[in-house]
2 protein chains.
Amino acid sequence: MDPVKTFKDLEKHFAAVAPERRIAVVCPSDDHTREVVERCLNEFGSRLTLCCCDSPEWADSLASANPDAINVIRCGNADEAARAAVSEVRAGRADVVMKGAINTDNLLRAVLDKQNGLLEPGHVLSHLTAAEIPSYHKMLFFSDAAVIPQPDLHQLESIINYDTDVMRSLHIKEIRIALIHFTEKTNPKFINTVYYGQLKQMNTEGHFGASTMIEGPMDVKTACDRHSAEIKHIDSKVAGDADLLIFPDLVSANTFYKTISLFCKATMAGMICGASAPIVIPSRADSAISKFYSLALACTALK
Amino acid sequence: MDPVKTFKDLEKHFAAVAPERRIAVVCPSDDHTREVVERCLNEFGSRLTLCCCDSPEWADSLASANPDAINVIRCGNADEAARAAVSEVRAGRADVVMKGAINTDNLLRAVLDKQNGLLEPGHVLSHLTAAEIPSYHKMLFFSDAAVIPQPDLHQLESIINYDTDVMRSLHIKEIRIALIHFTEKTNPKFINTVYYGQLKQMNTEGHFGASTMIEGPMDVKTACDRHSAEIKHIDSKVAGDADLLIFPDLVSANTFYKTISLFCKATMAGMICGASAPIVIPSRADSAISKFYSLALACTALK
């Protein structure tokens, strides 16, 4: 298939794998999540386990109408529902976890549980966003706008590994990564610029796979606008054509996320990487279509 | 006059004060700066001192044609031109300093010189941006996208004082300030959220003047979108209607600046506050109109 450049492309990729995907949904009773569940079932033929923490009449009737595709687990509360979804993954009965009407912290507590969770030793949880911005020529990915406040070198390395794995599963073959900062110089006063030098070195040693290009530090405009890069005489295959932006911290990544969402009419999807299954944690304010794309991203990202 | 809500408004405010303004321009020989100089002279009747570091034929002919309005100081190099402009301010012959074809660091070195500079004890230099974003309902100001990497409490206090002084001179009477972060909670792990609590307390004590409202921490979308604030049940006069965003650090402010510039078709102007005269430091990539608005902002900001 062609590389994913838009959410319409992503939908096609998702359609190809959706019938094989088993999705565990935690507290699916809010309108948007319910809409996503029904769409995945009816349009794409996915199988879903609904971990319900309130009276699940609609879930029960969905299950009776689709006994092979829908399974309902009744739970006493949201925490129990989160643990049930995690157990489904551990037992090999679910591939992806999706958050409904539950607090993100409560869901992540079950995921991070040392005994019964989904995080293997040496791994970290991190967040990947995929954004379709009307004025950009392809899908723009970035991390981490949701989980790690101030990633260290090891965490940045993990983030790049997780993100490039996802992007390769979307058939993006040459991955251009821009390491974001306000400066273009390595400066020990700004520790991330030092990490960036080390990440670039790792990449020249093939650490992030062939045909992955990493450049930086550079700012968002240099990363995404060829003209700005030219004015600054920056000769780089990444500048002006980035596929993935790695931000130095959560404040700047969150600022980027909220700004393109509000002022640039961007459509976005997001997922959490690093656990033994992709996890989708849309926020309350996300639209149903954004929640659907997030789930499609997580399902397509699976090898 | 009406409060400045657009750059067209700013131009009107500038027109009213321009004939009284004396502008010292450092190395004005690049095309954009020259265009701004000629516009200020011909359309607005400002007086300008051109501190030239190369053969200033055009400057000389401008001075002979406008002997009352144009003064040329020939300098051996850019550093000397910067010192000349600073001296003009110190001698009471210039109100505003504008950067032309000189490196920002070199200009600021002259401004920060302990003996002969423009920074009084207890003051800090900080940067204020004014942005006209097509999808926002008024001018949006923010700091600090250019100077202070990681402002501490005292620096944040100074930034708010400087910014609100500028905004009041633009006749913005009720100033809504959003303190930006990814979280909405005060958390000692994120020191800025603690500073934010102290800044809000100072404001309730009248420290930043009457009719200044300060709220936060909140994210960019909550600050500028009423709907997002409502979904999050945030009851605030600032949320959704911010005039001024205070970012926790330069990386996030720079990300906001570059993102609205590239993806949101924002028009922007900027100035440095804190010195004994406003300083305009446009970057090489700025358009002539953006440079003009920056100078207009600095000239209008003067009491």
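What you see is a predicted model; the values in this text were computed from it and never measured.

**Considerations on the overall build of chain A**
Helix and strand counts for chain A stand at 11 helices and 11 strands. For chain A, whose C-alpha radius of gyration is 19 Å, the value lies close to the compact-globule estimate of 19 Å for 303 residues. Seen through its principal axes, chain A has C-alpha atoms that stretch 65 × 40 × 35 Å. Counting only residues that meet the buried cut, chain A has 60% of its 303 residues in that class. In chain A, of all internal contacts separated by at least 6 residues, the share reaching a separation of at least 24 is 68%. For chain A, the exposed surface amounts to about 12,200 Å²; the carbon and sulfur share of it is 48%.

**Some thoughts on the environment of Ala-275 of chain A**
All names here are of chain A. With respect to the helices, strands and loops of the structure, Ala-275 is situated in the loop between β10 (267-273) and β11 (279-280). Distance in space between the C-alpha atoms of Ala-275 and Leu-112 is 8.6 Å, their sequence separation being 163 residues. Not counting residues within four places of it along the chain, the set of residues in contact with Ala-275 comprises Val-111, Leu-118, Leu-119 and Leu-125.

**A closer look at the state of the cysteines**
All names here are of chain A. Taken as a whole and judged by the stated rule, the model has 1 disulfide over all chains. Of all cysteine sulfurs in the structure, the one in Cys-51 sits closest to Cys-75, which takes part in no disulfide; the separation is 5.4 Å. By relative accessible area, which is 12% here, Cys-75 ends up buried.

**With respect to the relation of the copies chain B and chain A**
Each copy superposes on the other: chain B lies on chain A with an RMSD of 0.0 Å after a rotation of 180 degrees and an axial shift of 0.0 Å. In the structure described here, the two chain copies are related by an operation that fits a two-fold rotation axis. Relative to the rotation axis, the C-alpha of Ser-252 of chain B is the closest in chain B, positioned 2.0 Å from it. A symmetric contact is evident, with 100% of the interface residues of chain B recurring at the interface of chain A.

**Structural notes on the interface of chain B and chain A**
Residue-level contacts link 34 residues of chain B with 34 residues of chain A. Across the chain B/chain A interface, buried area totals approximately 3,000 Å², and carbon plus sulfur atoms make up 74% of it. Considering only the side of chain B, the residues that lose the most area to chain A are Phe-182, Val-251 and Phe-263 of chain B, jointly responsible for 23% of the buried surface there. There are 2 salt bridges connecting chain B and chain A. Residue Lys-258 of chain B pairs with Asp-219 of chain A through a salt bridge whose shortest N-O separation is 2.7 Å. Between the two partners, chain B and chain A, sit 4 residue pairs in polar contact (both at pLDDT 80 or more). Secondary structure elements with two or more residues in the side of chain B that touches chain A: α8 (220-224) and α10 (250-263) of chain B.

The rules behind the values
Residues numbered from 1 in each chain as written. Chains lettered and ligands numbered in written order. Predicted model: local features only at pLDDT ≥ 70, side-chain atom pairs only at ≥ 80, totals over all residues. Heavy atoms only, no water. Helix = DSSP H or I, 4+ residues; strand = E, 2+ residues; numbered from the N terminus. Rg over C-alpha atoms; globule rule 2.2 N^0.38 Å. Buried < 20%, exposed > 50% of the residue type's maximum accessible area, 1.4 Å probe, protein only. Contact = heavy atoms within 4.5 Å. Areas by Shrake-Rupley, 256 points an atom, 1.4 Å probe, with all protein chains shown as cover. Disulfide = S-S within 2.5 Å. Least-squares fit on C-alpha atoms with pLDDT ≥ 70 in both. Buried area = accessible area lost by both parts, 1.4 Å probe. Salt bridge = Lys/Arg side-chain N within 4 Å of Asp/Glu carboxyl O. Polar contact = N/O pair within 3.5 Å; in protein donor to acceptor, adjacent residues only side chain to side chain.

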